[in-house]
Amino acid sequence: MHPSLHAMLERIGVVGDYQPTLTAAEVPAALAAQPYEGLMVRSKLRVTAELLAQGPQLRYVARAGAGVDNIDEAAMAAAGVTLLNAPEGNRDAVGEFAVGLLLALFRNIVRADGEVREGQWKREANRGEEIGGKTVGLLGYGHMGRAFARRLSAFGCTVLAHDSDPAVSADGNAKLVSLAELQARAQVLSLHIPYSAANHHFVNEAVLAGFAQPIWVLNTARGEVLNHTALVASLRSDHVRGAALDVLDNEKLTTLTPAQQANFDFLKAAPNVVLTPHVGGWTHQSYVRINEVLAEKIRAFRAGELSGIAGS
C-alpha cells in the first residue's frame, strides 16, 4: 500500500497494523493472534471461509482495488463480514489506459516503434484507423466502463454498452443496449466485466462469432472472462482485426499449461496484438487514490453509513 495509508487511517480513528511481508500461509495465525476488526488485502491473498474462521471478530475486509475475484463473497456473507472495495480509486487510470490501448491498435504504435528502432521507415504499411466515427461496444458498464466511455465521448464515436445488471443506468456517454444489438453494431469490443464463475469465458467462440463485422478487442478487466483459444482462432480468421490485452488467463507466465503456452506464443508474435502486464489501473495517482477511497469507506462503514459495496 502507498505510505499515505497510515495517516489516512489515523485521521478516521483506526489503528493500522501494516504487515506487507506476511505470506499467505502466515495470515491465519496473524488473524487469530489479535482481535482485528478489519483486514485489508490486495489481489494475491485469497479470502476464504477457512481464513475468515481465524478472525471471528472481523467486521470488514477492505480490498485495495476493484476486482474481488480473490474473495469468497458467499463465505463473507455467511460469516457476517462486509466487503469494501475501491473501484473508484483506479477507474480513471483504467479509462485512460483503455484509450491508449485503442490508439495503439488503431495507429500501429507499438509495431511502428519497433520497426523504426530497427532502422525501418514504413509509412504506408502503418497507415491507421481513426477512433472518430467508429462504434465502440462496452461489455460491462460499471466504474471502469463508464470511465472509458467518458473519455471516448470526446472522439466523436458512438458508444454502446451492455450490462446484465438491471440496476445499471445509462448516462450521456453511452447507450445501454442488448448483447445482440452490441454484436450487430460494434466495431470495437472492450471488456469491463468482473471475473466470477458466471463470467468465466463469457466471451467465447460463440460470442465473438456473433459480431456482424470484424472487430478489435480490448481487455482491461480479467483474463479469465475471455476465452483465449477462441480469441486466437478469431485472430487467425481475421474476424478479430486486432487485440490489446492488459490481462491474461494465466499471468504467471512460467506456469502456463501447454494450451495456454500455445495461445501466448501466437499472441506475442502477432503484429496486431498489444500485450501489457496488468497495469491499466497502476498509476502513481491511483496508488494514493485507492487509499483515499478505502479510508473513506471504512470511516463510513464504522459510522453506520455504508453497508458495503463491490463493483468494477
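Here the structure is a predicted model, which means the values were calculated and not measured.

Conventions used here
Residues numbered from 1 in each chain as written. Predicted model: local features only at pLDDT ≥ 70, side-chain atom pairs only at ≥ 80, totals over all residues. Heavy atoms only, no water. Helix = DSSP H or I, 4+ residues; strand = E, 2+ residues; numbered from the N terminus. Rg over C-alpha atoms; globule rule 2.2 N^0.38 Å. Buried < 20%, exposed > 50% of the residue type's maximum accessible area, 1.4 Å probe, protein only. Contact = heavy atoms within 4.5 Å. Areas by Shrake-Rupley, 256 points an atom, 1.4 Å probe, with all protein chains shown as cover. Lys, Arg positive; Asp, Glu negative; His and termini not counted. Charge placed at Lys NZ, Arg CZ, Asp CG, Glu CD. Patch = residues over 30% accessible without salt bridge, like charges linked within 9 Å, V, L, I, M, F, W, Y side chains within 5 Å. Salt bridge = Lys/Arg side-chain N within 4 Å of Asp/Glu carboxyl O. Expected span 1.5 Å × (residues − 1). Phe/Tyr/Trp six-rings, centres within 6.5 Å; stacked < 30°, edge-to-face > 60°. UniProt positions renumbered as here; feature names shortened; annotations may be inferred.

When helices and strands are tallied, the protein shows twelve helices and ten strands. Here the C-alpha atoms of the protein give a radius of gyration of 21 Å, agreeing with the 20 Å that 2.2 N^0.38 yields for 312 residues. Counting only residues that meet the buried cut, the protein has 46% of its 312 residues in that class. Once local pairs closer than 6 in sequence are excluded, the contacts in the protein between residues at least 24 apart make up 63%. About 15300 Å² of surface is accessible on the protein, with carbon and sulfur atoms providing 53% of the total. The centroid of the 28 positive side-chain charges in the protein is displaced by 5 Å from the centroid of its 31 negative side-chain charges.

Together, Leu103, Ile109, Val110 and Phe155 line one region of the surface with nonpolar side chains, adding up to about 320 Å² of accessible area. One can find Leu103 in helix α5 (residues 87-106). Residue classification places Leu103 among the partly exposed residues on the basis of a relative accessible area of 31%.

Our focus in this paragraph is helix α12 (residues 284-302). Taking 1.5 Å per residue as the helical rise, α12 with its 19 residues ought to reach 27 Å, and the 28 Å between its terminal C-alpha atoms agrees with that figure. Where α12 is concerned, the buried positions are Ser286, Ile290, Asn291, Val293, Leu294, Ala295, Lys297, Ile298, Ala300 and Phe301. On the buried face of α12, the contacting elements are α1 (5-11), β1 (38-41), β2 (60-63), β3 (82-85) and α5. Two residues or fewer after α12 comes Gly304, characterised by a positive phi angle close to 80°.

Turning our attention to the packing of aromatic side chains. Inspection of the entire model under this criterion finds two aromatic pairs. Ring centres of Tyr60 and Phe301 lie 5.6 Å apart, and the angle between their planes is 70°; on these two criteria the pair is classed as edge-to-face. Of the two residues, Tyr60 sits in strand β2 while Phe301 sits in helix α12, which places them 241 residues apart along the sequence. Phe301 carries the same exposure label as Tyr60, and that label is buried.

On the UniProt side, "domain: D-isomer specific 2-hydroxyacid dehydrogenase catalytic" (unreviewed entry) is annotated at positions that read residues 21-305 here. With 39% helix and 15% strand, residues 21-305 has its two end C-alpha atoms placed 32 Å apart.

Mapped onto this numbering, the UniProt entry gives "domain: D-isomer specific 2-hydroxyacid dehydrogenase NAD-binding" (unreviewed entry) at residues 99-280. Segment residues 99-280 splits into 33% helix and 16% strand. End C-alpha atoms: 10 Å apart.

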